[in-house]
Amino acid sequence: MAEQPYQYQRRELAEPDWRRLPGWAGVTPAEWESAQWQRAHSVKNPRELRDVAGDGLSEAFLNDLEQDQRERATMSMLVPPQLLNTIAPSSAPSAPGFTDAWYADPVRRYMLPVFSDRQPRWPSHPRAARDSLHEAEMWAVEGLTHRYPTKVLAELVPTCPQYCGHCTRMDLVGNPTPSYGKHRFAAAREDRLQAMLGYLRRTPSVRDVVVSGGDVANLPWPRVEAFVLALLEIDSVRDIRLASKALVGLPQHWLSADVLAGMARLASTARSRGVSLAVHTHVNAAQSVTPLAARAARALLEAGVRDVRNQGVLLRGVNDSATALLDLCFALLDGASITPYYFYLCDMIPGAEHWRLTVREAQALQSAIMGYLPGFATPRMVCDVPYAGKRWVHQLSRYDEELGISYWTKGYLTAIEAGDPLALDREYPYYDPVHLLPESGQSWWRAQSECAAQPLPATATASLPLVAAAQLLSHSWCARAHQESLDAGNFLNDQGNVRIVGAGDDGPWPEQPSGEAAGGAGCAAPAYRGDGPWPQPSCGAARFLRCPTAGGTGGAKPPVTGGRRGVVPPRAALCRGVAPRREMGVAPSQAIRAVEPRATSSGAR
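Residues numbered from 1 in each chain as written. Predicted model: local features only at pLDDT ≥ 70, side-chain atom pairs only at ≥ 80, totals over all residues. Heavy atoms only, no water.

Describing the layout of surface pockets
Working step 1: Of the volumes computed, that of the second largest pocket is approximately 880 Å³.
Working step 2: Taken together, 39 residues make up the lining of the second largest pocket; nearest its centre are T168, R169, S212, Q311 and Y344.
Working step 3: Contributions of two or more residues to the lining of the second largest pocket are made by β2 (144–148), β3 (151–157), β4 (208–213), β5 (239–243), β6 (276–281), β7 (307–314) and β8 (339–345).
Working step 4: Taken together, the residues of the lining of the second largest pocket break down into 16 nonpolar, 12 polar and 11 charged. (1 Å grid on protein atoms, 1.4 Å probe; cavity = no way out; pocket = protein on both sides within 12 Å on 5 of 7 lines; lining within 4 Å. Points joined across faces, edges and corners; volume = space filled by probe spheres on them. Helix = DSSP H or I, 4+ residues; strand = E, 2+ residues; numbered from the N terminus. Nonpolar A, V, L, I, M, F, W, Y, C, P; charged D, E, K, R; others polar.)

A short note on the sheet that holds strand β12 (residues 405–408)
Working step 1: The three strands lie next to each other as β11-β12-β13, forming an open sheet whose pairing is antiparallel. Taken across any chain shown, the strands that pair with only one partner, and hence form the sheet edges, are β11 (398–400) and β13 (428–431). Shown here is a sheet whose adjacent strand axes are inclined to one another by a mean of 25°, direction ignored.
Working step 2: As paired strands, β11 and β12 are joined by three bridges and run antiparallel to one another. Directly across from D400, in β12, lies its bridge partner I405. (Pairing = 2+ DSSP bridges. Axes fitted to C-alpha atoms, helices over the stretch in contact; angles between N-to-C directions.)

Focus: the pattern of salt bridges
Working step 1: Tallied over the entire structure, the rule returns 26 salt bridges.
Working step 2: D17 serves as the salt-bridge partner of R19, at 3.1 Å between the closest nitrogen and oxygen.
Working step 3: The class of R19 is partly exposed, set by a relative accessible area of 45%.
Working step 4: Measuring nitrogen to oxygen at the nearest pair gives 2.9 Å for the salt bridge that ties E135 to R169. (Salt bridge = Lys/Arg side-chain N within 4 Å of Asp/Glu carboxyl O. Buried < 20%, exposed > 50% of the residue type's maximum accessible area, 1.4 Å probe, protein only.)

Thoughts on the pairing of β5
Working step 1: For β5, the buried fraction is high: five of the five residues fall into the buried class.
Working step 2: Every second residue of β5 is oriented toward a common face, with D239, R241 and A243 on one face and I240 and L242 on the other, all of them buried.
Working step 3: Two elements, β4 and β5, share four bridges in a ladder whose sense is parallel. Counterpart to V209 in the pairing with β5 is I240.
Working step 4: For the crossover from β4 across helix α9 (residues 221–232) to β5, the handedness is right-handed.
Working step 5: In this structure, β5 lies alongside β6, joined through five bridges in parallel fashion. Bridge pairing in β6 places R241 opposite A278. (Right-handed = clockwise from strand over helix to strand, strands pointing away.)

Structure (structure tokens):
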């Protein structure tokens, strides 16, 4: 047999010896297999980590961790012993290089990020957002995201037994960190859950319900069972998926007698009604798949659930090679009977740039793993594009690798697009990490950041009810202003001009500065006076117009950014002076109110 790029070898799962860590040296197997003990001894801060690891971890590492929690972390620390035990599983604290092994470990990289991990120049992408997928904007009722035509996401609880550093729901899930407050549900839990069930009863187009959070393992089992039983009574619901990272991070929960008995009851009812009941988990590294995790997965299958599937996240330094991904997939499939299902590109939350891969890298990984796994267990690499949803990484419509912007289309409408005639033609953007772009692309993004950093001058905009519209007037060429003005509901008129709309009231038209006023040559763009189409500039080598106060090259039209909030238009369209309606991502002659951002406990979003 020819030598293959990846050499398959069946590997037996192993439970790392937790007694190698000083803080757990006296823990018995019975204690270790207790869900209550695991929860009570989860590590919540650097001091508790020091108590577990003893002197094996250096002060420099612990200070690095503490600085990240203080200055960068979007998620507070919470790591169950089961998962912590899989970090540097073959290293003992007394052995040389223990701290180095922790720094390099893939599980540590996403469960316990340290300050030195973060990208120094671009810790966050300029388009990063706390609710990066805009799920709250698509809540049918509080906590129920109706994003796809036939599927909903039910967020039952805003907590987990473990907090992953890259959590895409960092806006909602977990405790506040020094840098980020958290949104809190306004309604009482029982009221929210009943409202969700009421919506599903009167919306027969929904057939698939993902029951998540947070993590369903953090809701008392009787409440989980009651909610799922109520779903099973809705005739239109045909698929139910319970989402739980705890299957691997805290398998003791799913091995509890009351939980397994309840799952057997649910599975029996689901089978009798022809409904598929599955469990989805989240594993990113092969070493996390231990015999206890395998026991929990197989126990659920024996209880009667149709399938147990894994949805991982592509993370640099964790699983960004074909070997790491295939090792993980075979550990899941052979060792634990868990089906590899999806690997997502990491979402554009704050502080995630050091984890994120480019779309091109994800495409290469998809190609590299093909042919090794059975087709039904070959995971799809997907990009969860804001407002467009999950797209296979090869589905993009075009890709500007210089600026790191990929463009995607979709074939369905969300509820917030019901009145938008261009939603099915629009291209939605996703952004690669800036630090991985060529220097020309990084320079363009630096210009956008400089522009956004400029103070906004006072303007006479009292007649406009939305602050973002005022920002557009005062900084009409600034990427931040355009993003925020489009958030506020600004759309193109029939000639392709940006029209300011605030809560239904038309505002004045913004003036367009000339190329000279913008601080650059190459595009002579006459001032826009408020009527007719945008003037046609003459473009030389110049590409984009930058904010006047930031200086820069000339250009024809501002680089509008966002999803429904707009898209950076193609450079050719900009330089030709063409009004790129489709690329702008906004509908003509539409006065749609802004979706108000949800409030958070800190007042930030």
